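# Summary of the model geometry
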Amino acid sequence: MGTGGTERFDKKINSMTYTLRGTILFILISASAFISGQDGQSIEVMTDGRSAGQMPVVIQGNVAFVPVSEITGHLGLRFFENKQKKKVVLSLGQRSVILTHRNPFIIVDKKAMQMPSPPLEMDGHMWIPLTYFIHATQDFFTQKLVFDPGSMVLNIQSAACNITDVQIESMKNGCLIHIKTGRTFGLQDIGLAVHQRWLNITIYGGSLDSTRLASEVRNGIIDKIVPKAFKNSAQIAFLCNQTILHKEVEVNSDEILIQLRTPVVSAESPAHNGASDRSRWLIDTIILDPGHGGRDPGAIGKSGTRESHINLKIALKLKAYMHSIMPDVKVLMTRDDDTFIGLRERTQFAIENRGKLFISIHADANTSSGVRGFSSYILGRSGSKIALEAAQKENSVIDLEDDPSAYQEFEGVAFIMNAIATNVYMKESENLARMVNETMKLRTGIPDRGVHQSRLYVLINYAMPTILIETAFLSNKYEERLLKTNSFQQKVAEAIGESIKQFKAVYEKGIG
Ligand SMILES: [Zn+2]
């Protein structure tokens, strides 16, 4: 047996040349030398509890080997053998498993792993070590494979559906399709095709219950959803009532997100589509986002005031005030106590709760203690020095998150430009920010530092107008003192609340 056997590792494959990372000792052995005649032994194969026949087996050193061609038959994989290169390729859509005769490396979706035993070569056929093969490919199959060497039974269980729901979120110039998934898919698992007004999405390794997902939705640009289940993939077709100009797919841990862009529908048009459409645009749910929290205190004032505490106090006062002046509007908070919440979770919370406005509340800080005033931010290119400082300060929380690497994609300029280009609520966000600044100036009397565009991650939100407010400076002695008082917190809350009410009136007048 090879030593260092059960250790799994990832490595880059460079034109099929293995470059070992770390020090892993492995010994290739010529397995055929061990084979002794064990004719007639077999494994019972059960599929979902029903017998699906027998499979020949050879036991060598307590390891059960089965012919690779037999197992692929049971799993519905495509099988290709390159006799010259002594390789076997098993494929499922665009995904593949590559095995080499007498070589312990198994390549699953371009990721190499080492099995404790290499496949055997007998009579020119490849026999694979069943238990190790199952272990290496556990994320590959939709089915669950369990082999019991004691009873010599291989159980193949069809997976429960890993595509659980489809949600459509309408926007002015398109929509977001959320395909909720029970496992994480890779971009390579997803095929997108447009045929006239049909958008077809194929998800390799996806399984769904077509009776449950089928629906005659009439939601924005989507008229119909037709799901189809295939043996190793799932397909969902969407019938659109407009031309699809642009499509984009993104995968998250529990969903596949597809963004469709159609010709821009003018702001007035929802009014022509009847009452139900009008209600879709009403500002009936507002998300308040007190910045920071928990292990992330945000800025800290000279006398130790934590930004996270101030943000929460203002947000709670704002929620109460909005309830008194707009009792019909639902106000939700991304946090209502001192807990840590990641930036993406905040946005996700807003989208899941179908928020119509997102207001992130912060307090500012500067290395120069003389700097004071309030400012508002919308997503943009970070032109000004003020905007750059805000981005540095408010984005730094990412380092405290469980998986900072999840934000890597954000660092690309192309990504941010795209986020800005596809943000259909830019104008609305800016209008709201201006109203907030106007009212803040009147109500609090502290200096107005303006409305800025900035690359703030928490503002990346395609679904609703989104702003971030820096209320005052904790690094300024006078403003820190103000921020700590109930009366100033209340003034700020009322200023923001009144701006939202004013914005809501103007916006809703525009739609009908
Ligand atoms: Zn902050």
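## So, the overall build of the chain
For the chain, the helix and strand inventory stands at eleven helices and 29 strands. For the chain, with 512 residues in total, the buried portion stands at 37%.

## Observations regarding the nonpolar core
F65, V66, I128, I359, I467 and I496 are the most contacted members of the largest nonpolar core, which has 111 residues in total. Looking at this core element by element, the count peaks at seven residues for helix α5 (residues 307-325). Non-local contacts of I359, meaning those with residues more than four positions away in its chain, are made with I286, I287, L288, D289, I467, I469 and I496.

## Quick word on the sheet that holds strand β29 (residues 466-473)
Across the sheet, six strands lie side by side as β25-β24-β26-β29-β27-β28; this open sheet has mixed pairing. The open sheet terminates on both sides in strands that have one partner only, identified here as β25 (330-333) and β28 (448-454). The mean angle between the axes of side-by-side strands here comes to 20°, regardless of whether they run parallel or antiparallel. Bridging between strand β27 (residues 374-379) and β29 involves three bridges; their strand directions are antiparallel. Looking at β29, one finds that S376 is bridged to I469. Seen against the sheet, α5 touches β24 (285-290), β25, β26 (357-364) and β29 and runs at an angle of roughly 140° to β26.

## Structural notes on the sheet that holds strand β15 (residues 153-157)
With respect to topology, four strands assemble into an open sheet ordered β4-β3-β15-β14, the strand pairing being mixed. Two strands lie at the open edges of the sheet, namely β4 (50-56) and β14 (144-148), each paired on one side alone. The sheet shows a mean angle of 20° between the axes of neighbouring strands, taken without regard to direction.

## Concerning helix α9 (residues 426-444)
The first and last C-alpha atoms of α9 sit 26 Å apart over 19 residues, in line with the 27 Å expected at 1.5 Å per residue. The set of residues buried in α9 consists of E428, S429, N431, L432, A433, M435, V436, N437, T439 and M440. Looking one or two residues past α9, G445 carries a phi angle of roughly 70°, positive in sign.

## Some points on the pairing of strand β21 (residues 233-240)
In the sheet, strand β19 (residues 198-204) pairs with β21 via seven bridges, with the strands oriented antiparallel. Residue pairing in the sheet places I201 in a bridge with I236 of β21. Here strand β20 (residues 222-229) runs beside β21; their pairing, made up of seven bridges, is antiparallel. In the strand pairing of β21, K224 is matched with L239. Between β20 and β21, which pair antiparallel one after the other, the connecting turn spans three residues.

## Let's talk about the environment of Q188
Residue position: Q188 is located in the loop between β17 (174-181) and β18 (190-195). The sequence separation of Q188 and Y204 amounts to 16 residues, and the corresponding C-alpha distance is 8.5 Å.

## What about helix α7 (residues 385-395)?
Listing the buried residues of α7 in full gives I386, A387, A390 and E394. Buried residues in α7, looked at end-on, bunch into an arc of 95°, giving them a common side. Opposite the buried face of α7, at more than 90 degrees from it, the exposed residues are K385 and Q392. Contact partners of the buried residues in α7: β26, β27, β28 and β29.

## As for the environment of P67
Along the chain, P67 falls in strand β6 (residues 63-67). Sequence-distant contacts of P67, defined by excluding residues within four places in its chain, comprise P56, H125 and W127.

## Quick look at the confidence of the model for the chain
When pLDDT is averaged along the chain, the result is 81, and 81% of the positions lie at 70 or above. When the elements of the chain are averaged for pLDDT, strand β1 (residues 13-14) gives the smallest value, 32, and α5 the largest, 97. Low pLDDT (under 50) marks residues 1-37, which in the prediction has 51 contacts with non-local residues, meaning those over four places away or in another chain. Here residues 266-276 scores under 50 on pLDDT; set against residues more than four positions off or in separate chains, the count is ten contacts.

## Describing the environment of R261
With respect to the helices and strands, R261 occurs in strand β23 (residues 255-261). Look at R261 and you get buried, because 20 C-beta atoms sit within 10 Å. Note: C-alpha distance between R261 and G174 (87 residues apart in sequence) is 4.3 Å.

## Focus: unusual backbone geometry
Notably, N62 is not glycine yet its phi reads approximately 65°, a positive angle. As for its position among the elements, N62 is in the loop between β5 (58-60) and β6. By C-beta crowding, N62 is classed as exposed, having 9 other C-beta atoms within 10 Å. One non-glycine residue, M152, adopts positive backbone phi at about 55°. The residue M152 is located in the loop between β14 and β15 in this model.

Cut-offs applied
Residues numbered from 1 in each chain as written. Predicted model: local features only at pLDDT ≥ 70, side-chain atom pairs only at ≥ 80, totals over all residues. Helix = DSSP H or I, 4+ residues; strand = E, 2+ residues; numbered from the N terminus. Buried ≥ 20, exposed ≤ 12 C-beta atoms within 10 Å, placed from the backbone. Core = buried A, V, L, I, M, F, W, Y, C linked by C-beta atoms within 7 Å. Contact = placed C-beta atoms within 7 Å. Pairing = 2+ DSSP bridges. Axes fitted to C-alpha atoms, helices over the stretch in contact; angles between N-to-C directions. Expected span 1.5 Å × (residues − 1). Arc of directions from axis to C-beta. pLDDT = per-residue confidence, 0-100.

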